[in-house]
Amino acid sequence: QVQLVESGGGLVQPGGSLRLSCAASGSIFRIYGMGWYRQAPGKQRELVARITSAGNINAADSVKGRFTISRDNAKDTVYLQMNSLKPGDTAVYYCNAVIQTGVTTLSRDYWGQGTQVTVSS
């Protein structure tokens, strides 16, 4: 059993900052990529940023220069520092991780429950 538990969402004014955290726990043999996705009302879920176990990063153009993804491999945790937030960033943010639970098992995607980020004055 693997769980991804997110924290750090909330309401913030335009131009403000938030930091999201996502900790993986349970029966974990290895974690590969970790990342954040978001889904706004009436829209499809989209990639925000991903980071590999080696630290290679892929981020959406809309957040480059404002959001920073990082991870602590010792804590099985991924972070998303969000600065200069805009109303268009309002969405439910989901943590994702590709996890292998045993040496002979295939890796698969796991998702967090989602955390609401609302940017509004």
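All values reported here derive from a predicted model rather than from experimental measurement.

This part is about the overall build of the protein chain. When helices and strands are tallied, the protein chain shows zero helices and eleven strands. Helices and strands in the protein chain line up, N terminus first, as β-β-β-β-β-β-β-β-β-β-β. Taking 121 residues into account, the globule formula puts the C-alpha radius of gyration at 14 Å, and the protein chain, at 14 Å, falls close to it. Counting across all 121 residues of the protein chain, residues that qualify as buried make up 42%. In the structure as shown, the protein chain presents an accessible area of about 6500 Å², 47% of it carried by carbon and sulfur atoms. Measuring between centres, the 12 positive side-chain charges of the protein chain sit 1 Å from its 7 negative side-chain charges.

Turning our attention to the packing of aromatic side chains. As enumerated under the stated definition, the model contains one aromatic pair in all. Over the ring of Tyr-94 we find Arg-45, and its NZ or CZ is 3.8 Å from the ring centre.

Within the structure shown, the criterion is met by four salt bridges. One salt bridge in this structure joins Arg-38 and Asp-89, with 3.0 Å as the shortest N-O distance. With Arg-38 in strand S4 (residues 30-39) and Asp-89 in the loop between strand S8 (77-82) and strand S9 (91-100), the pair connects residues that are 51 residues apart, well separated along the chain. Of the two residues examined, Arg-38 and Asp-89, each falls in the buried class.

Here we take up the nonpolar core. Formed by 30 residues in total, the largest nonpolar core has its most connected members in Trp-36, Leu-80, Met-82 and Tyr-93. Taken together, the elements giving at least two residues each to this core come down to strand S1 (2-7), strand S3 (18-26), S4, strand S5 (46-51), strand S7 (67-72), S8, S9 and strand S11 (115-119). With five residues, S9 is the single largest residue contributor to this core. With near-sequence residues (within four places) excluded, Tyr-93 lies in contact with Glu-6, Leu-20, Trp-36, Tyr-37, Arg-38, Val-48, Phe-67, Leu-80, Met-82, Gly-114, Thr-115 and Val-117.

Across all of its chains, the model carries one disulfide by this definition. Residue Cys-22 pairs covalently with Cys-95 via a disulfide, S to S 2.0 Å. Here the S-S torsion is close to -80 degrees, and the disulfide linking Cys-22 with Cys-95 is therefore left-handed. Within this pair, whereas Cys-22 is found in strand S3, its partner Cys-95 is found in strand S9, the two being separated by 73 residues in sequence.

About the cut-offs
Residues numbered from 1 in each chain as written. Predicted model: local features only at pLDDT ≥ 70, side-chain atom pairs only at ≥ 80, totals over all residues. Heavy atoms only, no water. Helix = DSSP H or I, 4+ residues; strand = E, 2+ residues; numbered from the N terminus. Rg over C-alpha atoms; globule rule 2.2 N^0.38 Å. Buried < 20%, exposed > 50% of the residue type's maximum accessible area, 1.4 Å probe, protein only. Areas by Shrake-Rupley, 256 points an atom, 1.4 Å probe, with all protein chains shown as cover. Lys, Arg positive; Asp, Glu negative; His and termini not counted. Charge placed at Lys NZ, Arg CZ, Asp CG, Glu CD. Phe/Tyr/Trp six-rings, centres within 6.5 Å; stacked < 30°, edge-to-face > 60°. Lys NZ or Arg CZ within 6 Å of the ring centre and 35° of its normal. Salt bridge = Lys/Arg side-chain N within 4 Å of Asp/Glu carboxyl O. Core = buried A, V, L, I, M, F, W, Y, C linked by side-chain atoms within 4.5 Å. Contact = heavy atoms within 4.5 Å. Disulfide = S-S within 2.5 Å.

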